[in-house]
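# Per-entry structural report
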Amino acid sequence: MSLRIVVTVKYVPDATGDRGFADDLTLDRDDVDGLLSELDEYAVEQALQISENYEGDADDVEITVLTVGPEDAKDALRKALSMGADKAIHVEDDDLHGTDAIGTSLVLAKAIEKAGYDLVVSGMASTDGTAGIVPALVAERLGVPQVTLLSEVAVADGKVSGRRDGDTASEQLEASLPAVVSVTDQSGEARYPSFKGIMAAKKKPVEAWDLSDLDIEAEEVGLEGAWTKVASADERPARTAGTIVKDEGEGGKQLAEFLAGQKFI
Amino acid sequence: MAEVLVFVDHVDGAVRKPTLELLTLARRIGDPVAVALGNGAADTAAALAEHGAVKVLTHEAAEYADYLVVPKVDALQAAYETVSPAAVLVPSSAEGKEIAARLALRIGSGIITDAVDLEAGDGGPVATQSVFAASYTTKSTISKGTPVITVKPNSAAVEPAAAAGAVEALTVSFSEQATGTKVTSRTARESTGRPDLTEAAIVVSGGRGVNGAENFSVIEALADSLGAAVGASRAAVDAGWYPHSNQVGQTGKSVSPQLYIASGISGAIQHRAGMQTSKTIIAINKDAEAPIFDLVDYGVVGDLFDVVPALTEDVKTRKG
Ligand SMILES: Cc1cc2nc3c(=O)[nH]c(=O)nc-3n(C[C@H](O)[C@H](O)[C@H](O)COP(=O)(O)OP(=O)(O)OC[C@H]3O[C@@H](n4cnc5c(N)ncnc54)[C@H](O)[C@@H]3O)c2cc1C
Ligand SMILES: Cc1cc2nc3c(=O)[nH]c(=O)nc-3n(C[C@H](O)[C@H](O)[C@H](O)COP(=O)(O)OP(=O)(O)OC[C@H]3O[C@@H](n4cnc5c(N)ncnc54)[C@H](O)[C@@H]3O)c2cc1C
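The structure displayed is predicted, hence computed values, not measured ones. (Residues numbered from 1 in each chain as written. Chains lettered and ligands numbered in written order. Predicted model: local features only at pLDDT ≥ 70, side-chain atom pairs only at ≥ 80, totals over all residues. Heavy atoms only, no water.)

You can see Glu159(B) is positioned in the loop between β10 (148–151) and β11 (166–169). Along the primary structure Glu159(B) and Gly52(B) are separated by 107 residues, whereas in three dimensions their C-alpha atoms are 8.8 Å apart. (Helix = DSSP H or I, 4+ residues; strand = E, 2+ residues; numbered from the N terminus.)

Here it is as structure tokens:
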């Protein structure tokens with residue numbers, strides 16, 4: 001039996017750069033480089049491992065990576081393809097600028113349905129919005145089980161199972177396919193693309209879809225269609241320089257004095 | 001006044017602190033109506049009433065423990081339909097955010113996650129978020145539907161306020177999706193006796209500089225002298241020196257204590273994302289150039305194995 005996996009990957013501003021907001025209070029994409037969200041590398045990795053361990057053989061598994069984002073988001077798809085995914089879908093449309101999480105989940109769900117799927121694999125959260133809600137929203141829209149925040153994942157006999165480590169307990173989960181999975185950075189290091197993988201990625205197909213391909217009206221997405229509105233964004237004032245002392249035998253004592261002065265002891 | 005639904009996070013009837021903080025914030029925008037689900041739901045009523053809940057809607061069913069997330073969404077939706085609230089507030093845990101998101105979609109509303117403050121505004125509640133590893137502060141509103149907002153722990157002080165807390169049983173009919181994801185087994189986390197990391201007023205963390213699992217006893221001793229929780233950087237967790245449940249940062253816990261003490265931690269952006277909003281920040285690091293020193297109120301350049309034990313001794317002496 002063949003298995004169709006769709007991995008959702010987000011193109012995000014590099015967290016080590018100076019991230020900020022544009023005049024319309026959306027993400028400033030001009031002043032900082034973008035890349036494949038590092039947490040989505042774990043999603044690609046788990047899809048590849050599911051494929052490698054699949055009952056028939058890896059040839060029975062097709063991995064499609066899907067992104068919703070501006071033109072440069074192709075870079076994120078290329079990275080995922082060079083890791084070993086088979087093909088890519090890029091949903092790109094000027095009307096998508098400023099879409100919120102609810103809108104993003106609409107576009108993803110429609111694209112996943114159009115692509116055809118047995119399993120959706122997502123990251124635990126993006127590294128920019130960091131909400132960690134898109135996988136649950138996509139599952140709600142598709143009407144299939146969510147098996148999210150897994151630190152271990154396996155697919156066998158038409159079922160997906162995995163471990164979810166929560167605040168108070170660690171749970172073992174199971175659901176029938178089709179399903180939406182999200183994986184954490186505890187699921188296992190993501191592989192580096194090999195030279196061969198990078199060369200092969202150049203030949204892999206990248207399909208481009210816009211809103212009309214997905215029967216979505218412009219009003220349903222974008223800044224206008226967003227159900228949330230950002231009213232202001234202010235850079236946090238730099239912290240006033242703190243006191244820094246060099247330990248010359250008295251460092252611990254000096255620190256204790258500081259803490260006592262602040263009434264912590 | 002308008003009613004505000006507050007989703008209750010509790011363990012067998014013991015209400016967790018973030019919910020009590022949420023009740024304080026809820027009172028700024030209306031009358032809190034709490035929704036408590038699962039084993040011990042009704043036992044939450046007294047604590048909730050002491051913190052301003054005018055009503056407590058409860059429902060117990062095996063589904064809440066046996067299946068993931070969706071049964072709770074079904075119940076919260078039932079509460080929403082019973083009450084017609086002005087807003088829905090949910091604690092910002094991983095599960096809380098998923099519940100809130102699915103509810104928001106079902107009721108045709110926008111969602112704001114990880115708010116750190118909440119005020120009443122002309123067009124509904126205004127939520128403050130701290131984004132991009134706490135380098136920006138944004139204020140947002142919800143422009144469609146009933147605001148659904150998740151709030152981070154430590155975003156408000158808990159303020160007692162007596163209210164009726166009348167307990168009412170909620171009627172819930174589970175959706176077809178409710179039984180989709182089965183919880184086949186559950187292992188409870190062992191309690192260390194230390195305060196919960198996200199709720200603690202003081203957090204003492206160790207990083208790669210701690211250099212070994214056994215050496216974490218140095219960090220734990222300082223934590224215990226201060227009555228603090230213990231945190232760890234991802235480098236320390238990945239090395240197997242401390243459990244992942246204690247990781248502070250982007251992919252670990254986000255903490256916002258009164259005092260954060262980082263030892264042997266360099267201060268990478270992903271670590272800062274989880275602790276930068278701490279009120280007072282202290283670092284001990286032998287490298288004077290470590291980026292963590294850009295954040296500190298007080299820093300000691302030195303070997304943590306000298307500084308931390310000396311500090312611990314001094315704290316113990318002062319506390320008598
Ligand atoms: C600082 C900041 C704060 C924001 N706050 C809010 C808010 O409170 N409410 C709100 O509605 N929106 C918010 N947004 C907008 C939101 O980030 C985007 O709508 C985004 O596309 C989805 O949310 P997320 O990035 O938080 O994703 P998460 O839910 O954190 O992402 C989880 C996973 O979903 C998948 N995914 C997410 N986005 C895409 C995509 N575009 N293409 C492919 N896969 C994807 C990935 O697999 C990812 O790992 C915020 C954006 C920023 C930059
Ligand atoms: C997607 C992603 C998510 C991540 N999420 C997280 C997260 O949630 N939390 C997190 O912490 N990291 C996270 N990271 C990792 C992060 O980038 C850093 O690698 C990590 O925080 C480094 O940990 P550290 O500061 O302990 O180690 P290092 O950066 O190696 O720093 C160790 C420090 O200890 C000092 N030191 C050494 N010996 C001593 C001594 N005897 N006394 C005093 N000081 C000493 C050194 O000078 C150095 O500054 C994430 C990374 C990625 C890519």
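Of all residues adjacent to ligand 2, which total 27 residues, the nearest are Arg208(B), Ser233(B), Ser266(B), Gln270(B) and His271(B). This site is not confined to one chain, since residues near ligand 2 come from chains A and B. With respect to ligand 2, the backbone of Gln250(B) contributes an N or O atom lying 3.0 Å from an oxygen atom. Here an oxygen atom of ligand 2 sits 3.4 Å away from a polar atom, N or O, in the main chain of Gly252(B). For ligand 2, whose free accessible area comes to 990 Å², the fraction covered by protein is 83%. In this structure, ligand 2 is accommodated by the second largest pocket. Elements that contribute at least two residues to the shell around ligand 2 include exactly α1 (38–52) of chain A together with α7 (234–238), α8 (269–272) and α9 (304–319) of chain B. Across the shell around ligand 2, the residue classes break down as seven nonpolar, 14 polar and six charged. (Near = heavy atom within 4 Å. Polar contact = N/O pair within 3.5 Å; in protein donor to acceptor, adjacent residues only side chain to side chain. Areas by Shrake-Rupley, 256 points an atom, 1.4 Å probe, with all protein chains shown as cover. 1 Å grid on protein atoms, 1.4 Å probe; cavity = no way out; pocket = protein on both sides within 12 Å on 5 of 7 lines; lining within 4 Å. Sits in = over half its atoms within 2 Å of the grid points. Nonpolar A, V, L, I, M, F, W, Y, C, P; charged D, E, K, R; others polar.)

Around ligand 1 there are 32 residues in total, and Thr8(A), Lys10(A), Asp40(A), Ser126(A) and Gly132(A) lie nearest to it. Site remark: ligand 1 is flanked by residues from chains A and B. Gly123(A) is positioned such that a nitrogen or oxygen atom in its backbone is 3.1 Å from an oxygen atom of ligand 1. Between ligand 1 and Thr113(B) there is a distance of 3.3 Å, counted from an oxygen atom to a backbone nitrogen or oxygen.

With that settled, consider the sheet that holds β11(B). As summarised here, the arrangement of the 10 strands in space is β12(A)-β9(B)-β8(B)-β7(B)-β10(B)-β6(B)-β1(B)-β4(B)-β5(B)-β11(B), forming an open sheet in which the pairing is mixed. At either end of the open sheet lies a strand with only one pairing partner, and these are β12 (228–235) of chain A together with β11 of chain B. Taken pair by pair, the neighbouring strands of this sheet meet at an average axis angle of 35 degrees, ignoring direction. In this sheet, strand β6 (residues 87–91) of chain B lies alongside strand β1 (residues 3–7) of chain B in parallel orientation, the contact comprising three bridges. (Pairing = 2+ DSSP bridges. Axes fitted to C-alpha atoms, helices over the stretch in contact; angles between N-to-C directions.)

Turning our eyes to something else, we now look at the pairing of strand β8 (residues 159–165) of chain A. Residue and element names in this part refer to chain A. Burial along β8 is one-sided: Val160, Gly162 and Arg164 are buried, while Lys159, Ser161, Arg163 and Asp165, pointing the other way, are not. Where β8 lies against strand β9 (residues 169–176), seven bridges are found, and the strand directions are antiparallel. In the strand pairing of β9, glycine 162 is matched with leucine 173. Between β8 and β9, which pair antiparallel in sequence order, lie three residues. (Buried < 20%, exposed > 50% of the residue type's maximum accessible area, 1.4 Å probe, protein only.)

Turning to the interface of chain B and chain A, a few remarks are in order. In this assembly, 86 residues from chain B lie in contact with 75 residues from chain A. Here chain B and chain A share an interface that buries about 6,800 Å² over both sides, 57% of which is from carbon and sulfur atoms. It is Leu105(B), Phe132(B) and Tyr298(B) in chain B that bury the most area against chain A; as a group they hold 12% of the surface buried on that side. At the junction of chain B with chain A, the criterion picks out nine salt bridges. Note that Glu98(B) is salt-bridged to Arg164(A), the shortest N-O span being 3.1 Å. Connecting chain B to chain A are 37 residue pairs in polar contact (both at pLDDT 80 or more). In terms of residue count, helix α5 (residues 94–106) of chain B provides more of the side of chain B that touches chain A than any other element does, nine residues in total. In the side of chain B that touches chain A, the residues fall into 35 nonpolar, 29 polar and 22 charged. The sheet contact formed by β9(A) and strand β12 (residues 182–188) of chain B spans six bridges and is antiparallel. Within β12(B), the position partnered with Glu174(A) by the bridge is Lys182(B). (Contact = heavy atoms within 4.5 Å. Buried area = accessible area lost by both parts, 1.4 Å probe. Salt bridge = Lys/Arg side-chain N within 4 Å of Asp/Glu carboxyl O.)

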